[in-house]
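# Breakdown of the fold
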Amino acid sequence: MNKKQFLNTYKKIDSLNQERTENTQNQALYRSEHDERLIKDFHYAKFQKNLHNAQQSKALKELLEKENWGEEDTEKLLNSLR
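These figures come from a predicted structure and were not determined experimentally.

## Quick look at the environment of Lys-4
- Checked against the element boundaries, Lys-4 lands in helix α1 (residues 3-25).
- Lys-4 sits 23 residues away from Gln-27 along the chain, and the two C-alpha atoms are 36 Å apart.

See below:
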């Protein structure tokens, strides 16, 4: 093969790689707008539930007011967030 054939081969490979990246970038994350809305609503509802539970948790409030934490306090925090 000569130098020109090598360059043409590299150009073809580059063009194939660009086509692949364009195809993968254009793929939709959700199947439809309805699916997207349902999933986002579900995650928002989960967030709201977790926020409400965290704000109402007496154990979490006590831990946040405490200055020096130990191992037990860290375990209480993890248990209250579950």
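## Considerations on the environment of Glu-71
- Mapped onto the fold, Glu-71 is located in helix α4 (residues 71-81).
- Judged by its relative accessible area of 64%, Glu-71 falls in the exposed class.
- Along the primary structure Glu-71 and Thr-9 are separated by 62 residues, whereas in three dimensions their C-alpha atoms are 62 Å apart.

## Some remarks on the pattern of salt bridges
- Per the counting criterion, the structure on display carries three salt bridges.
- Of the charged contacts, one joins Lys-40 and Glu-36 as a salt bridge, the two residues approaching to 2.8 Å between their closest N and O atoms. Of this pair, Lys-40 and Glu-36 both sit in helix α2 (residues 33-56), four residues apart, which is roughly one turn of the helix.
- One salt bridge in this structure joins Asp-41 and Arg-37, with 3.0 Å as the shortest N-O distance. Highlighted residues: Asp-41 and Arg-37, both in helix α2, separated by four residues, approximately one helical turn.

Rules behind the numbers
- Residues numbered from 1 in each chain as written.
- Predicted model: local features only at pLDDT ≥ 70, side-chain atom pairs only at ≥ 80, totals over all residues.
- Heavy atoms only, no water.
- Helix = DSSP H or I, 4+ residues; strand = E, 2+ residues; numbered from the N terminus.
- Buried < 20%, exposed > 50% of the residue type's maximum accessible area, 1.4 Å probe, protein only.
- Salt bridge = Lys/Arg side-chain N within 4 Å of Asp/Glu carboxyl O.

So far we have only geometry, and geometry alone does not tell us how the molecule works.
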